[in-house]
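Below, each chain spelled out in residue letters.
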Amino acid sequence: NDTSMQHRNLNHMTREERFSEAMRRTLYALKVLLPREGWTPVGPEMKYLARAIKEFTFIIHAGVFIPCIMSYGTNEQIAKWFPLAADFRIIGTYAQTELGHGSFLRGLETIATYDRANQEFIINCPKITAMKWWPGDMGKSANHVLLMAELVIDGKKYGMHGFMVQIRDLTTHEPLPGVTVGDIGAKLSFESVDNGFLYLQNVRIPRENLLSKLSEVHPDGTYIKKGNQRLMYGSMVRVRVNLIAHEIVMPLAKACTIAVRYSAVRRQGLINPSKEEVPVLDYVAQQHKLLPQVATVFMAHFAAKQLVKMHHDYSLEVEKGNTSQLPELHALSAGMKACLSEQGAAGAEIVRRACGGHGYSCGSGLPFIVNRMLATCTYEGENTVMQLQCARYLIKCADQAKKDKLTGSVWYLSDFSNMSCTAQTFGDLQEPSVLVKLHERRAKCAVQHAGKKMQNMVKNGTPAHDAWNMMATLLINAARAHIMQYVVGTSVTYISELSCSASLKKILTQLCALYALHNINSNCGDFVKFGCLTSAQCDLAQEAEFNLLKQLRPDAVGIVDSFDFTDDILQSCLGAYDGNVYERLFEWAKQAPMNKTEVHQDSYQYLQPYLHEGRDVLEGRGRNSKL
Ligand SMILES: CCCCCCCCCCCCCCCCCCCCCCCC(=O)SCCNC(=O)CCNC(=O)[C@H](O)C(C)(C)COP(=O)(O)OP(=O)(O)OC[C@H]1O[C@@H](n2cnc3c(N)ncnc32)[C@H](O)[C@@H]1OP(=O)(O)O
Ligand SMILES: Cc1cc2nc3c(=O)[nH]c(=O)nc-3n(C[C@H](O)[C@H](O)[C@H](O)COP(=O)(O)OP(=O)(O)OC[C@H]3O[C@@H](n4cnc5c(N)ncnc54)[C@H](O)[C@@H]3O)c2cc1C
C-alpha cells in the first residue's frame, strides 16, 4: 500500500526511465523493507520480494556478488567486504563472461599477472574478445566487480580465479584509470538492468584482493592450493539452484494466473450451437494449453525445494571439507536449470499465445514475462552445455552401475527389477507410483542407449571425443529424461508427505499426474521405443491426460488464485482479480504516450500533403493522385 512502491506503467517508459525507476524502487525498498541488521527479509517482506523481484535491479549484486564473497573469500575478506556489500555501500557484479567466451571458461582471456615487486596483480584484457561482456548491474551501477580471470605468476598459468576489482570512484562514480565500462545496449528483456561491458588495461589491485578461500599467493609469489578447485565453480551451482524458484517458477506462475483468469472471462465461439458463447477455458484445446503449465509450476516448485535442500546440506558438508556430493549436485543443478528453464520458457509462450491478440499486447503483462524467461535458457550456463554436463555425469554413473549399487538421484540406473508396465485402464496410468516407474525406466533406457551408441562407435575406432560430439543429441535427451524422472519422483514424494487437507492433496496429486502424463504424451516415442509402454497404453495415457483436464477445469481459477499475486505485481489488464479485462485494456491504451494528443504532430506533418490532396480529390477540385 506504499505509493512509493506502486508500479509505474513500465510499458510506456523508455529504457533509461525503466533503469532509473528500478533503481529508485530497489533502494527505497531496501531502506523500508529490509531490517538494517541483516540481509534476511522474513515473512511478508520475503514473500513480497520474491513476487516483486522482476521490478528490482541489483539482482546480480544481491544474488551473485554477495554470495561469491561468502564462497570465495577468507574470513578477513568476508569481514571487510560483506558488510559494505550487504548495505549497498559498494555495488558489485559477477564479471566472468567475455565478448569471446561465455560457456567455455577455460577459454577466458582476461589475465591477472602477479607483480612481486609491488605485491599487486596487474589486470589486463589483452584483446577485444577478452573484454567482459554481459554482467548485470555492471554498465552504470556497479563500482566493484568480482572479476574471474586467469592467474599468471612468472609466466605460468594457474586457471580462473576471483579478484575483487574496484572500477568506479566511490565519490564521483567515474570509471577509474584503465577502466572502460558501459552499457551493452538494448536486449530482448531485462530492460531495467544495465548489463555492461568492461575493458581493463593495466589496472593494479593489491595482492589481498585475490579471493583466497580456495587458493592464495604469498608475497614472494608462491601459489598455494587450499581446497577442491572445482569449488571455484561453486557460485554458478548456487545461482542455478536459486534461479529456478525466482526466475522460472515465479514468472510461469504469473503467466498462468493471467492466462487462466483471462480464459475464464473471455467468451468466444460456441461449443453447443444452441447455447451461448462459451468462456474459452471450456475448450479442451485451451485446457490442454494451460493446465499442464499450471502443473509445471507446482512440480518445478516442489523439485526446486528439494534441490535447495540438497544444496544446503551439501554446503554444510563442504564446510567440514567433504565435497563428495559436488559431482551429483553439479549434474542435478545443471540439468534442472536447463530442463526447467526450457519447459518454463516454452510454457510461458504457450499460455501467452492462448490469450489471442490481447496476449500480444504489453498490457497483458505476458510479453514481459515470456521475454524475460527466455534469458533463463542462456544465462548461468547455456542450456545445451548444461545438459551435456548432466549427461557426462549420467554416462559415468551408468558405467559404475554395472558393478555398484548407486544411490542419490541416479539410483534407478542400478535398478534391474522388472519395470514393465501392466496398466490396463487410463486410471491405472494416473497412479503416481506407475508414473514414477515409467519415468525411471525411460530415463534408464535413454542413458544406456546413449552410452551404448558411443561405446559401439569407440569399438569401431571412432575417437571418444568424436563419439561424444556425434551422440550429443542422445545425451541431451538422456539428461532431459533424468531430470523429468527426478521432478516427477520428488513431487510424488513431496505431495505424499505433505500435511494438508484431503481435498488439497487430491488436487496436487491430479496436477502431478497431469504433469507426468503430459510429459509422457509429449515424448511417447521414447516410452514406446524403450518398451516402457505399448501403443495401446499410449492411447490410455492420452485418455488419462484428457480425463485430468476435465477434472481440474472447475478448480482452474482457484488454483491460480492460490499463487496469491496482487494486481500490482501482475501488472496485467487480462489477469486482474476483478476480471474487468476490456475496461482495463482501454484505460491502459489511453495512457500510452502516443495518445497524449489527439493529432500526433509528426504523423500529421508527414501525412499533410497527402491528406490535403485526398480532400481536394474527394471535393472534386484535384485530379486523381498518380498513387
Ligand atoms: C529490497 C531490495 C532488493 C534487492 C534486490 C533483490 C534481490 C533479492 C534476493 C536475490 C535472490 C536471487 C536468487 C537468484 C536469482 C538469479 C537471477 C539470475 C540473473 C542472471 C544471472 C546470470 C549470471 C551469469 O550468467 S554468470 C556466468 C555463467 N556462466 C556459466 O555458467 C559458464 C558455463 N560453463 C561452465 O560452467 C564450464 O565452462 C563447463 C562446466 C561447461 C566446462 O568447464 P570445464 O571445461 O572446466 O570442465 P569440464 O572439462 O567440462 O569438466 C571437468 C570436471 O569438472 C566438473 N565440473 C564442471 N563444472 C562444475 C561445477 N560447476 N561444479 C562442480 N564440478 C564441475 C565436471 O563435472 C568434470 O568432472 P569429471 O569428474 O571430470 O567428469
Ligand atoms: C540476460 C543475461 C544476463 C547475464 N548476466 C551475466 C552476468 O551477470 N555475469 C556473467 O559473467 N555473464 C552473464 N551472462 C552471460 C551468460 O552467462 C552467457 O551468455 C552464457 O554463459 C552463454 O555463453 P555464450 O554467450 O558464450 O554462448 P556460447 O557458449 O557461445 O553458445 C552459443 C551456442 O554454442 C553452443 N555451444 C557452446 N559450447 C558448446 C558445447 N561444448 N557443446 C555443444 N554446444 C555448445 C551453445 O549451445 C549455443 O547454442 C548473462 C547473459 C544474459 C543473456
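Residues numbered from 1 in each chain as written. Chains lettered and ligands numbered in written order. Predicted model: local features only at pLDDT ≥ 70, side-chain atom pairs only at ≥ 80, totals over all residues. Heavy atoms only, no water.

This is how it is decided: UniProt positions are given in the numbering used here, feature names are shortened, and annotations may be inferred rather than shown by experiment.
Under an unreviewed UniProt entry, the name given to the protein chain is Acyl-coenzyme A oxidase, and the organism recorded is Clavelina lepadiformis. The UniProt entry for the protein chain carries the following comment under Cofactor (unreviewed entry): "FAD".

**A few points about the overall build of the protein chain**
Filter applied, for reference: Secondary structure elements are taken from DSSP: a helix is a run of H or I of four residues or more, a strand is a run of E of two residues or more, and numbering for both begins at the N terminus. We compute the radius of gyration over the C-alpha atoms and compare it with the globule rule, which gives 2.2 Å times the number of residues raised to the power 0.38. The buried label goes to any residue with under 20% of its type's maximum accessible area, the exposed label to any with over 50%, and the partly exposed label to all in between, with areas taken from a 1.4 Å probe on protein chains only. Note on contacts: a residue pair qualifies if any of its non-hydrogen atoms lie within 4.5 Å across the two residues. When charges are counted, Lys and Arg are positive and Asp and Glu negative, with His and the chain ends excluded. In this description, the location of a charge corresponds to atom NZ of lysine, CZ of arginine, CG of aspartate or CD of glutamate.
Of regular secondary structure, the protein chain possesses 19 helices and eleven strands. In terms of C-alpha radius of gyration, the protein chain reaches 28 Å, essentially the compact-globule figure of 25 Å for 627 residues. Taking the principal axes of the C-alpha coordinates as reference, the protein chain spans close to 90 × 75 × 55 Å. The burial tally for the protein chain puts 51% of its 627 residues in the buried class. Pairs at least 24 apart in sequence give 70% of the contacts found in the protein chain among residues at least 6 apart. Of the charged side chains in the protein chain, 67 are positive and 61 negative, and the gap between their average positions amounts to 4 Å.

**Things to note about empty space enclosed by the protein**
How we decide: Points on a 1 Å grid over protein atoms alone make up a cavity when a 1.4 Å probe fits among them but cannot get out, and a pocket when they form an open set with protein on both sides within 12 Å along at least five of seven lines; lining residues each have an atom within 4 Å of a point. Grid points are joined across faces, edges and corners, and a volume is the space filled by probe spheres set on the points. Amino acids are sorted into nonpolar (Ala, Val, Leu, Ile, Met, Phe, Trp, Tyr, Cys and Pro), charged (Asp, Glu, Lys and Arg) and polar (every other residue, Gly among them).
Enumeration over the complete set of coordinates arrives at four cavities of 30 Å³ or more. Along its surface, the second largest cavity is lined by Leu10, Arg18, Glu21, Ala22, Arg25, Lys54, Glu55, Phe190, Glu191, Ser192, Phe368 and Arg372. Where the lining of the second largest cavity is concerned, the elements lending two or more residues are α1 (15–33) and α8 (366–375). Grouping the amino acids of the lining of the second largest cavity by side-chain chemistry returns four nonpolar, one polar and seven charged.

**Points about the sheet that holds strand β4 (residues 132–133)**
To be explicit about the condition: The rule for pairing is simple: two strands pair if DSSP sees at least two bridges between them.
Read across the open sheet, the three strands follow the order β4-β8-β7; overall the sheet is antiparallel. If you trace the sheet from one side to the other, it starts and ends with β4 and β7 (179–183), each paired once. Where β4 meets strand β8 (residues 196–200), two bridges bridge the pair, whose relative direction is antiparallel. Following the sheet pairing, Lys132 is matched in β8 by Leu198.

**Points about the packing of aromatic side chains**
Selection criterion: Aromatic pairs are defined between Phe, Tyr and Trp rings, using the six-membered ring for Trp, whenever the two ring centres lie within 6.5 Å; interplanar angles under 30 degrees are classed as stacked, those over 60 as edge-to-face, and all others as tilted. Any Lys NZ or Arg CZ found within 6 Å of a ring centre and within 35 degrees of that ring's normal is scored as a charge over the ring.
One pass over the structure, following the stated rule, counts ten aromatic pairs. Ring geometry for Tyr114 versus Phe121: centroids 5.3 Å apart, planes at 55°, classification tilted. This pair shows no difference in class: Tyr114 is buried, exactly as Phe121 is. An aromatic cluster is defined as three or more aromatic residues linked by ring pairs; in this entry it consists of Phe298, Phe302, Tyr494, Phe563 and Phe565. Taking NZ or CZ as reference, Lys590 lies 4.5 Å from the ring centre of Phe586, over its face.

**A short note on the layout of surface pockets**
The calculated volume of the second largest pocket comes to roughly 480 Å³. At the level of secondary structure, the elements contributing two or more residues to the lining of the second largest pocket comprise α5 (234–265), α8, α17 (567–570) and α18 (581–590). No other element matches α17, which puts four residues into the lining of the second largest pocket.

**Here's the deal with the site of ligand 1**
The following threshold applies: When at least one non-hydrogen atom of a residue lies within 4 Å of a molecule or strand, that residue is treated as near it. In the analysis that follows, any N or O atom pair within 3.5 Å is treated as a polar contact, provided that within protein one partner can donate a hydrogen and the other can accept it, and provided that, for residues neighboring in sequence, both atoms belong to side chains. Computed with the Shrake-Rupley method and a 1.4 Å probe, the accessible areas treat only the protein chains shown as cover for residues.
Taken together, 35 residues lie around ligand 1, and Ser103, Arg106, Tyr233, Arg240 and Arg392 are the ones closest in. A distance of 2.5 Å separates an oxygen atom of ligand 1 from a polar atom in the backbone of Ser103. Taking 1,500 Å² as the accessible area of ligand 1 by itself, protein coverage stands at 87%. Counting residues per element, the ones that place at least two in the shell around ligand 1 are α1, α3 (59–72), α5, α7 (326–353) and α9 (383–400). It is α5 that provides the largest number of residues to the shell around ligand 1, a total of six residues. Partitioning the shell around ligand 1 into residue classes produces 16 nonpolar, twelve polar and seven charged.

**Observations regarding the packing of α9 against helix α12 (residues 472–497)**
Which entries qualify depends on this criterion: Note on method: axes are straight lines fitted to C-alpha atoms, helices fitted across the in-contact stretch only, with angles between N-to-C directions ranging 0 to 180 degrees. Working rule for angles: under 35 degrees goes down as roughly parallel, over 145 as roughly antiparallel, 65 to 115 as roughly perpendicular, anything else as oblique.
Here α9 crosses α12 at 80°, and the two axes come no closer than 8 Å. Of the possible angle classes, the one that applies to α9 and α12 is roughly perpendicular. Side by side, α9 and α12 meet where Thr384, Gln387, Leu388, Cys390, Ala391, Leu394 and Ile395 of the first sit next to Ala472, Leu475, Ile476, Ala478, Ala479, Arg480, His482 and Ile483 of the second. For the contact of α9 with α12, the class distribution of residues is eleven nonpolar, three polar and one charged.

**Digging into the site of ligand 2**
Taken together, 20 residues form the shell around ligand 2, and within it Tyr94, Thr97, Gly102, Ser103 and Glu382 come nearest. Taking Gln96, its main chain carries an N or O atom lying 3.1 Å from an oxygen atom of ligand 2. In isolation ligand 2 exposes 970 Å². Once the protein is present, 62% of that is buried. For the shell around ligand 2, the element with the highest residue contribution is α9, accounting for three residues. Its residues assigned to classes, the shell around ligand 2 shows nine nonpolar, nine polar and two charged.

**Some points on α8**
Among the ten residues that make up α8, eight are buried, leaving the element largely enclosed by the rest of the structure. All of the buried residues in α8 are Leu366, Pro367, Phe368, Ile369, Val370, Arg372, Met373 and Ala375.

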